[in-house]
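What follows is the residue order along each chain.
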Amino acid sequence: MSNNLFTSEHSKLLLDLLEMNTVSPMETGRLSEIPRAQKMYADYAVKKSGGQCEIAYHQAPSPSILTLGDVPLSIGECAHQLGHQFWENQSNLVLRFGQKQPVEKTIMFNFHIDTVDGLFPVTFDGETYSGRGAVDMKGPGVALLAGIQAAVSQKPELLDDVSILVQCVSGEEGGAMGFYGTKQLADKGFIGRFNLFAEPSGGVYFDRSSTSMTARIDVFGQDSTDDAPDQGHNATLLLGYVAQRLMKELPEQIEKDGGKMCLAGLHTGYMHNKVYGSGQLLLNFAYVTTESGRQIKSWVEEALLVAVNRFCMEFSSVSTAAATVKEAKDICQLTWVKQGLPVLMNRNRELEQFLDSLGLKRNPDDQVEKTFTCDAMWVQTNDVYTIVYGPGSLEGNLAHAKGEYIKKRDLERFASFICNLLLKYSAIVQTKPIKELNI
């Protein structure tokens, strides 16, 4: 298979998309250019398709999503802050190549156009693309399109047997967990018998993913001046102590259960001449089974009680901490910003053998620690197989960090893989009953 499927036109499309601010409002509380970026992507796909691609869906999600169970609190908070513009800024796009077909004869690809915060200059030196979203996920999203276009060009009759869907979603970053993106599209039936979620997967594919839960520990106390620190509460002292205790007590047992813990951030204030009585500590936890998620929740709640009690004991003799010690249990509050979400866990021997024939390797079950959180959890049901696979790696390509990049050769390889997959996929399509989504 040629490695030249990722053309200069695809390169230009990618650079144009990288120049656009598609940072999730969930990251900043500010609007970005997500709908315009989706339109640019869609217009290019339709124009180059020779009439074989259409926009099947491009709409903003409904605010009624907030009434669903287990919706992360942060979604409602951001939506309240930005009003109706929040939803208008979070549209989802679905492209369809070929005619609409039953799920059994549909293959779906998903990538997210929204990014984390932290914009930096876009560069391309002929070999490396650098910019926010280069690897996560604008680069792979354009390479995906290149691969589809190449397959359809080489074998137009492919679309007689298979309908190809491309989901370009918002709501993946910023803790939105796909609630108003991928989940909404899955609920509307935009899924296939085989579904591939493009994510930097480090050379293997995953048919299971972790899911995250976020704990927010707030201290609601009274500020005081630096001239009389004993007259108020010290949220910095209390939260700093709690953060250290939780990081000392929890990670080992969480990791033994296949999970991960991240001390995400602590904030009280910026001034040097006052004592901040209020503040916030954020912790993120990943789990690979719903049962381990429930166990982590219990461990965190128990560990927090122990940490606050120990704080009171250790600082009982420190005069400037007297008020904090006295009322620590009353002013310290734990809130679960998100919890109780499903994980991706599915297998399909036939399609696993197919992927193996393409040279793609499944992440071994004994390396579950390599799994990561992904929207793919919303697309799993009987007779449907969903995997996570894409070029680069989250850590190796600096995803979510300054200097995020991807090599052009990696995008070319991914485009070739997608093309090869599609050319061979139609041969294994069989009509099987698809059960109603059990999400």
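Preceding block: the structure.
Residues take numbers from 1 onward in each chain, read along the sequence in its written order. Since the coordinates come from a predicted model, pLDDT governs what is reported: local features require at least 70, and pairs of side-chain atoms require 80 or more to be given and counted, while whole-chain, interface and lining totals use all residues. Side-chain descriptors were evaluated using all non-hydrogen atoms of the structure, hydrogens and water having been removed beforehand.

S.K.: Help me understand the nonpolar core in this model?
M.R.: Across soluble globular proteins, nonpolar side chains have a tendency to be buried as a group. One finds Ile75, Phe86, Ile217, Val242 and Phe285 to be the most contacted residues of the largest nonpolar core, which totals 70 residues. As used in this record, nonpolar core signifies buried Ala, Val, Leu, Ile, Met, Phe, Trp, Tyr and Cys residues forming a set joined through side-chain atoms within 4.5 Å. Between buried and exposed lies partly exposed: a residue is buried under 20% and exposed over 50% of the maximum accessible area for its type, with that area taken using a 1.4 Å probe on protein chains only. Listed in part, the 67 residues of the second largest apolar core include Phe6, Ala151, Ile164 and Leu423.

S.K.: Is there a simple way to explain helix 6 (residues 134–154) in this structure?
M.R.: One full turn of an α-helix is made of 3.6 residues, so residues set three or four places apart face in the same direction. Given a rise of 1.5 Å per residue, 21 residues ought to cover 30 Å, and the 28 Å separating the end C-alpha atoms of helix 6 matches this to within 8%. For a residue, the bend is simply the angle between two axes, fitted respectively to the seven-residue segment ending there and the seven-residue segment starting there. The numbering of helices and of strands both runs from the N terminus, where a helix is a DSSP run of H or I of at least 4 residues and a strand a run of E of at least 2. For helix 6, the principal kink sits at Pro140 and spans about 25°. By the criterion of burial, helix 6 is predominantly enclosed, with 19 of the 21 residues buried. Each helix should span, by expectation, one fewer than its residue count multiplied by 1.5 Å.

S.K.: Any chance you could explain the packing of aromatic side chains here in plain terms?
M.R.: To describe a pair of aromatic rings, you give the distance between the ring centres and the angle between the ring planes. Ring pairs shown here join Phe, Tyr and Trp side chains whose ring centres sit within 6.5 Å, with only the six-membered ring taken for Trp; geometry is labelled stacked below 30 degrees between planes, edge-to-face above 60, and tilted in between. This structure, assessed with the given rule, holds 18 aromatic pairs. Relative to Trp378, the ring of Phe179 has its centre 5.1 Å away and its plane inclined at 70°; by these criteria the two rings are edge-to-face. Note that Phe179 is positioned in the loop between strand 6 (163–169) and helix 8 (182–187) and Trp378 in the loop between helix 13 (349–357) and strand 16 (385–388), a separation of 199 residues in sequence. Considered together, Phe179 and Trp378 belong to a single accessibility category, that of buried residues. Pairwise contacts between aromatic rings join Phe194, Phe354, Tyr385 and Tyr425 into one cluster. The rule for a charge over a ring is simple: NZ of Lys or CZ of Arg within 6 Å of the ring centre, and within 35 degrees of the ring normal. Its end group placed over the ring of Trp378, Lys183 keeps NZ or CZ at 5.4 Å from the ring centre.

S.K.: In this structure, what is going on with the environment of Thr320? I would like to understand it.
M.R.: The topology assignment puts Thr320 in the loop between helix 11 (290–314) and helix 12 (322–331). Judged by its relative accessible area of 38%, Thr320 falls in the partly exposed class. For the pair Thr320 and Tyr241, spaced 79 residues apart in the sequence, the C-alpha separation amounts to 15 Å. In this structure, Thr320 is in contact with Pro229 and Asp230, ignoring residues within four places of it in sequence. In this analysis, two residues are considered to be in contact whenever any of their non-hydrogen atoms come within 4.5 Å of each other.

S.K.: So what exactly am I meant to see when it comes to the sheet that holds strand 1 (residues 53–59) here?
M.R.: Remark on secondary structure: sheet strands pair via backbone hydrogen bonds, oriented parallel or antiparallel. Strand order in the open sheet made by the six strands is 1-2-6-3-7-16, with mixed pairing throughout. Looking at strand neighbours, the two that pair on one side only are strand 1 and strand 16, the edges of this open sheet. The average undirected angle you get between the axes of adjacent strands in this sheet is 15°. Between any two strands, pairing holds if DSSP finds at least two bridges. Sheet topology places strand 3 (residues 106–112) next to strand 6; seven bridges connect them, and they run parallel. The residue bridging Phe109 from the neighbouring strand is Val166, located in strand 6. Contacting strand 2 (92–97), strand 3 and strand 6, helix 6 crosses the sheet at an angle of about 155° to strand 3. For helices, the axis comes from a line fit to the C-alpha atoms of the stretch in contact; other axes are also lines fit to C-alpha atoms, and the angle between any two N-to-C directions lies between 0 and 180 degrees. Strands in contact with helix 13 are strand 7 (194–197) and strand 16; relative to strand 16, the strand with the most contacts, it is inclined by about 40°.

S.K.: Would you mind showing me how to read empty space enclosed by the protein here?
M.R.: Where empty space is left in the structure can be found by rolling a water-sized probe over the atoms. A cavity here means a set of points on a 1 Å grid, drawn over the protein atoms and nothing else, where a 1.4 Å probe fits but cannot get out; a pocket is an open set with protein on both sides within 12 Å along at least five of seven lines, and a residue lines either one if it has an atom within 4 Å of a point. Grid points are joined across faces, edges and corners, and a volume is the space filled by probe spheres set on the points. In total, this model carries one cavity of 30 Å³ or more according to the counting rule given. Considering the residues around the largest cavity, the lining is formed by Asn110, His112, Val169, Glu172, Thr182, Phe197, Ala198, Glu199, Cys374 and Asp375. In this count, Pro and Cys sit with the nonpolar residues alongside Ala, Val, Leu, Ile, Met, Phe, Trp and Tyr, while Asp, Glu, Lys and Arg are called charged and the others, Gly among them, polar. When grouped by side-chain class, the residues that make up the lining of the largest cavity number four nonpolar, three polar and three charged.

S.K.: Would you mind showing me how to read the pattern of salt bridges here?
M.R.: Working definition: two side chains of opposite charge can pair if their charged atoms are close together. The term salt bridge refers to a side-chain nitrogen of Lys or Arg lying within 4 Å of a carboxyl oxygen of Asp or Glu. In this structure the tally under the stated criterion is 25 salt bridges. Note that Lys297 and Glu301 form a salt bridge whose closest N and O atoms lie 2.9 Å from each other. In this pair, Lys297 and Glu301 are both assigned in helix 11, four residues apart and thus about one turn of the helix distant. When its relative accessible area of 25% is taken as the criterion, Lys297 is described as partly exposed. Across the pair Lys408 and Glu412 runs a salt bridge whose closest N-O atoms are separated by 2.6 Å. Pair noted here: Lys408 and Glu412 are both in helix 14 (residues 408–425), with a separation of four residues, about one helical turn. Each of the two residues, Lys408 as well as Glu412, counts as buried. Several salt bridges share partner residues, and in doing so they unite Asp207, Arg347, Arg349, Glu352, Arg362 and Asp365 into one network.

S.K.: What is the right way to look at the side chain of Asn363 in this model?
M.R.: Residue position: Asn363 is located in the loop between helix 13 and strand 16. Assessed through its relative accessible area of 7%, Asn363 is described here as buried. Any pair of N or O atoms that falls within 3.5 Å is considered a polar contact. Within protein, one atom must be able to donate a hydrogen and the other to accept it, and sequence-neighbouring residues count only if both atoms are side-chain atoms. Only 3.1 Å separates the side chain of Asn363 from the backbone oxygen of Gln367, close enough to count as a polar contact. Each residue touching Asn363, except ones within four places of it in the same chain, is listed here: Val204, Tyr205, Phe206, Lys370 and Thr371.

S.K.: Looking at this structure, how should I read the state of the cysteines?
M.R.: Working definition: the covalent bond between the sulfur atoms of two cysteines is a disulfide. Only a pair of cysteine sulfur atoms within 2.5 Å counts as a disulfide in this structure description. Enumeration over the complete set of coordinates arrives at zero disulfides. Unpaired in terms of disulfides, Cys53 finds its nearest cysteine sulfur in Cys168, a separation of 12 Å. Sulfur of Cys78: no disulfide; nearest cysteine sulfur belongs to Cys168 and is 19 Å away. The exposure class assigned to Cys78 is buried, which follows from its relative accessible area of 6%.

S.K.: Explanation requested: the pairing of strand 7 in the structure shown.
M.R.: Looking down a regular strand, the side chains alternate between one sheet face and the other. Side-chain alternation along strand 7 places Phe194 and Leu196 on one buried face and Asn195 and Phe197 on a second face that is also buried. Bridge analysis of strand 3 against strand 7 gives four bridges, and the strand direction is parallel. Considered in strand 7, the bridge of Asn110 is made with Phe197.

S.K.: Teacher, can you tell me more about helix 4 (residues 73–82) here?
M.R.: Three or more residues of helix 4 are buried, namely Ser74, Ile75, Cys78, Ala79 and Leu82. Along the axis of helix 4, the buried positions cluster into a sector of 130°, meaning they face one direction only. Facing away from the buried side of helix 4 by over 90 degrees, the exposed positions are His80 and Gln81. Along its buried surface, helix 4 packs onto helix 2 (25–28), helix 5 (84–88) and strand 14 (332–338). Gly83 sits one or two positions beyond helix 4 and adopts a positive phi of about 70°. An arc is given here, and it is the one of the directions from the helix axis to the C-beta atoms.

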